[in-house]
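Per-entry structural report
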Amino acid sequence: MHDRVKPRTRRQIPAVGKILDAVGYCDLPRPVLVNAIRRKLSQIRAAREVPDFESILTIVRHSVDELRSSRLQPIINGTGVIIHTNFGRAPLASEATDALKPIGSGYSNLEFDLATGERGRRGSYIENALALLCEAEAATVVNNCAAALVLIVHHFTKKNARARPPDAPEVMISRGELVQIGGGFRIGEIIEATGAKLHEVGATNKTTADDYARAIGPNTAMILKVHRSNFFMSGFVESPSSAEISALARKTRIPFVEDLGSGAVVATEDLGIADHEPTSAEALKTGVDLVCFSGDKLFGGPQAGIIAGKKRLITALKREPLFRALRCDKLSLAALQATVDLHLNQRTGEIPTLALLQISGDQLRTRAAAVCARLQGLPLKTAIGRGSAKAGGGALPKSTMSSVTIDIVPRNCSLPDFAVRLRNSTPPLIGYIANDRFKLDLRTIFPQQDGLVVEAIRAASARVL
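Figured I'd write up the structure that's included with this text.

Rules used throughout
- Residues numbered from 1 in each chain as written.
- Predicted model: local features only at pLDDT ≥ 70, side-chain atom pairs only at ≥ 80, totals over all residues.
- Heavy atoms only, no water.
- Helix = DSSP H or I, 4+ residues; strand = E, 2+ residues; numbered from the N terminus.
- Contact = heavy atoms within 4.5 Å.
- Axes fitted to C-alpha atoms, helices over the stretch in contact; angles between N-to-C directions.
- Left-handed = near helix turned anticlockwise from the far one by under 90°.
- Nonpolar A, V, L, I, M, F, W, Y, C, P; charged D, E, K, R; others polar.
- Expected span 1.5 Å × (residues − 1).
- Parallel < 35°, antiparallel > 145°, perpendicular 65-115°, else oblique.
- Salt bridge = Lys/Arg side-chain N within 4 Å of Asp/Glu carboxyl O.
- Buried < 20%, exposed > 50% of the residue type's maximum accessible area, 1.4 Å probe, protein only.
- Pairing = 2+ DSSP bridges.
- Phe/Tyr/Trp six-rings, centres within 6.5 Å; stacked < 30°, edge-to-face > 60°.
- Lys NZ or Arg CZ within 6 Å of the ring centre and 35° of its normal.
- Disulfide = S-S within 2.5 Å.
- Core = buried A, V, L, I, M, F, W, Y, C linked by side-chain atoms within 4.5 Å.

This part takes up the side chain of Asp296. Along the polypeptide, Asp296 turns up in the loop between β9 (290-294) and β10 (305-309). If we ignore the near neighbours within four places in the chain, the residues touching Asp296 are Ile83, Arg89, Ala90, Gly301, Pro302 and Gln303.

Further remarks concern the packing of helix α5 (residues 124-134) against helix α13 (residues 330-344). Working note: a packed helix pair is described by the angle between its axes plus the distance between those axes. Direction vectors running N to C along α5 and α13 enclose 35 degrees, while the axes themselves pass 10 Å from each other. As for how α5 packs across α13, the hand of that crossing is left-handed. Residues Tyr125, Ile126, Ala129, Leu130, Leu132 and Leu133 of α5 touch α13, and the partners they reach there are Leu333, Leu336, Gln337, Val340, Asp341, His343 and Leu344. Looking at the contact of α5 with α13 residue by residue, the class counts come to ten nonpolar, two polar and one charged.

A word on helix α2 (residues 30-46). An α-helical turn contains 3.6 residues, so a residue and the one three or four places further along point in the same direction. Spanning 17 residues, α2 covers 24 Å between terminal C-alpha atoms, matching the ideal 24 Å at 1.5 Å per step. Of the surrounding secondary structure, the elements contacted by the buried residues of α2 are α1 (16-23) and α3 (53-69).

On to the packing of helix α6 (residues 145-157) against helix α11 (residues 311-319). Relative to each other, α6 and α11 sit at 95 degrees, their axes nearing to 10 Å. As far as their axial angle goes, α11 and α6 are roughly perpendicular. Mapping the contact onto sequence places Leu151, Ile152, His155 and Phe156 in α6 and Leu313, Ala316 and Leu317 in α11. Each residue belonging to the contact of α6 with α11 can be placed in one class, and the counts come to six nonpolar, one polar and no charged.

A few words now on the pattern of salt bridges. One pass over the full model with this rule turns up 19 salt bridges. With a shortest N-O distance of 2.9 Å, Arg68 and Asp27 are connected by a salt bridge. Of this pair, Arg68 sits in helix α3 while Asp27 sits in the loop between α1 and α2, and the two are 41 residues apart along the sequence. A relative accessible area of 41% places Asp27 in the partly exposed class. Here the salt bridges share partners, and the residues they tie into one network are Glu111, Arg119, Arg122 and Arg327.

Turning our eyes to something else, we now look at the pairing of β10. Counting buried residues along β10, five of its five residues qualify, which places the element largely inside the surrounding structure. The two faces of β10 match: Gly305, Ile307 and Gly309 on one face and Ile306 and Ala308 on the other face are all buried. Bridge count between strand β4 (residues 138-142) and β10: five bridges; the pairing is antiparallel. Of the residues in β10, the one forming a bridge with Ala139 is Ala308. Both β9 and β10 contribute to a ladder of five bridges, which runs antiparallel. When the sheet's bridge partners are listed, Ser294 is paired in β10 with Gly305.

Another point: the sheet that holds β9. What holds strands together in a sheet is hydrogen bonding between their backbones, with the strands either parallel or antiparallel. Ordered by their spatial adjacency, seven strands build an open sheet running β4-β10-β9-β8-β7-β5-β6, and the pairing between neighbours is mixed. Edge positions in the sheet fall to β4 and β6 (197-201), since each of these pairs with one other strand and no more. If you compare each strand with its neighbour and ignore which way they point, the axes differ by 25 degrees on average. The sheet contacts of α5 involve β4, β9 and β10, and relative to β4 the element is tilted by about 120 degrees. Against the sheet, helix α9 (residues 242-252) engages β7 (220-226) and β8 (256-261), with an angle of about 155 degrees to β8.

Let us now look at the packing of aromatic side chains. By the definition in use, this model includes two aromatic pairs. Ring centres of Phe293 and Phe299 lie 6.1 Å apart, and the angle between their planes is 45 degrees; this geometry places the pair in the tilted category. Phe299 carries the same exposure label as Phe293, and that label is buried. The residue whose ring lies beneath Lys18 is Phe53, and the NZ or CZ to ring-centre distance is 4.8 Å.

Here the focus is unusual backbone geometry. In this structure, Pro427 follows Thr426 across a cis peptide bond, with omega equal to -5 degrees. Summarising the element assignment, Pro427 is placed in the loop between α16 (415-423) and β13 (429-430). Unusually for a residue other than glycine, Gln346 sits at a positive phi of about 55 degrees. Inspection of the secondary structure puts Gln346 in the loop between α13 and α14 (352-357). For Asn435, which is not glycine, the phi dihedral falls at a positive 55 degrees. Relative to the elements of secondary structure, Asn435 occurs in the loop between β14 (432-434) and β15 (437-441).

Scanning the model with the defined rule gives zero disulfides in all. Note on Cys292: no disulfide assigned, nearest cysteine sulfur contributed by Cys145 at a separation of 4.1 Å. Here Cys328 stays free of any disulfide, with the sulfur of Cys145 as its closest cysteine sulfur at 12 Å.

Ranked by size, the top nonpolar core spans 44 residues in total, and within it Leu357, Phe418 and Ile457 carry the most contacts. Among the elements of the structure, α14, α15 (361-373), β11 (380-392), β12 (395-410), α16, β15 and α17 (450-462) are those that each provide at least two residues to this core. The contacts of Leu357, once residues within four sequence positions are left out, are Ile82, Leu271, Ile273, Leu298, Ala391, Met401 and Arg443. Among the nonpolar cores identified, the runner-up in size contains 34 residues, and Cys134, Val141, Ala283 and Val340 belong to it.

Here it is in structure tokens:
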């Protein structure tokens, strides 16, 4: 008879130091690595059965790999979505990235007036430049568009901040504009978080100027119009124009704010896109008191919430104590300053987001042919395919752009396994699976990354699981 193998006990769980030595070199800081090992060993200790040493080591290494992959790092975007929220939205222009090093690595005149030698105002140049670009009386900037909306709603509703429903200050908005943005956040919830009461008007598909007029009451603090930047409605629909709402707002002396979201400051038709995205200058010309939009979408800059409009209102917003909590840091301001200058100098072709929207099909096909030629002889089938790229980031939801893809069918693994291998490459290469092929859209892959794409595909096709 064979001797029965005794189950391992918790006392046989290896020490942290032994696991640390077995893991070997790791580019994570030692305290982070030790903490990860301790957490995993604690989970094993709480389980009913204790694995053998090699199994524990495998579990720990997998946990460390997951931790390492969660670090912020560059990736190659082959999805065809240009403003990809999960991938950091707008890639910065080289002028913007060049501006970060000298500002970040040393001291700057962030709040110092070089002319007087005294304390200065943060972002004074950017505010003037943004006002000029948006054709507004004044402008300012906070750390994102949601923050801009919170600041604006807080300002216009704070006079009755202690009031409780039904007497709480109201923000009026069309039911057809109750947008949900990335991460599950909803416009209505953002507004209510300030203590204001949401007053919905109209129907989901049909709202008129009369709906707004009938809903105005003594508790109406502001009218908010939200651009449907991440969806569209068609069929039996109606919405009043900004000019119509502006006329009502002036008549009733109620502030009118428009959240434009996407941040277009140039006509999207000039980019070869059929659909029009409203610009800040257009909205303000209709009589809107304030507009707000994102800095890292069609504007092509860093994460920021840009507010433009009447000078007296911008001045009042900047006096709010909340403004300090929402302000941008020096690095965001440096990148934003460089991006604003590119817009004002009409060098928008140097802003990656806008440049990617305008790449010709011929350019993409030439690159695709060159990449496919370098993949000959590998255990996979490649072809030049068609793609349908999107602006993304809640901009131009109806518009798609014809694009060119590299279509791959690996012979030594499944399509999902191949996608995993490419995500584990350095840098990670992200594509998508469609029509029984793994596809990489070249519109969102920069030309200088083509060599890295080839290397990643070669390594993935050669790897044996």
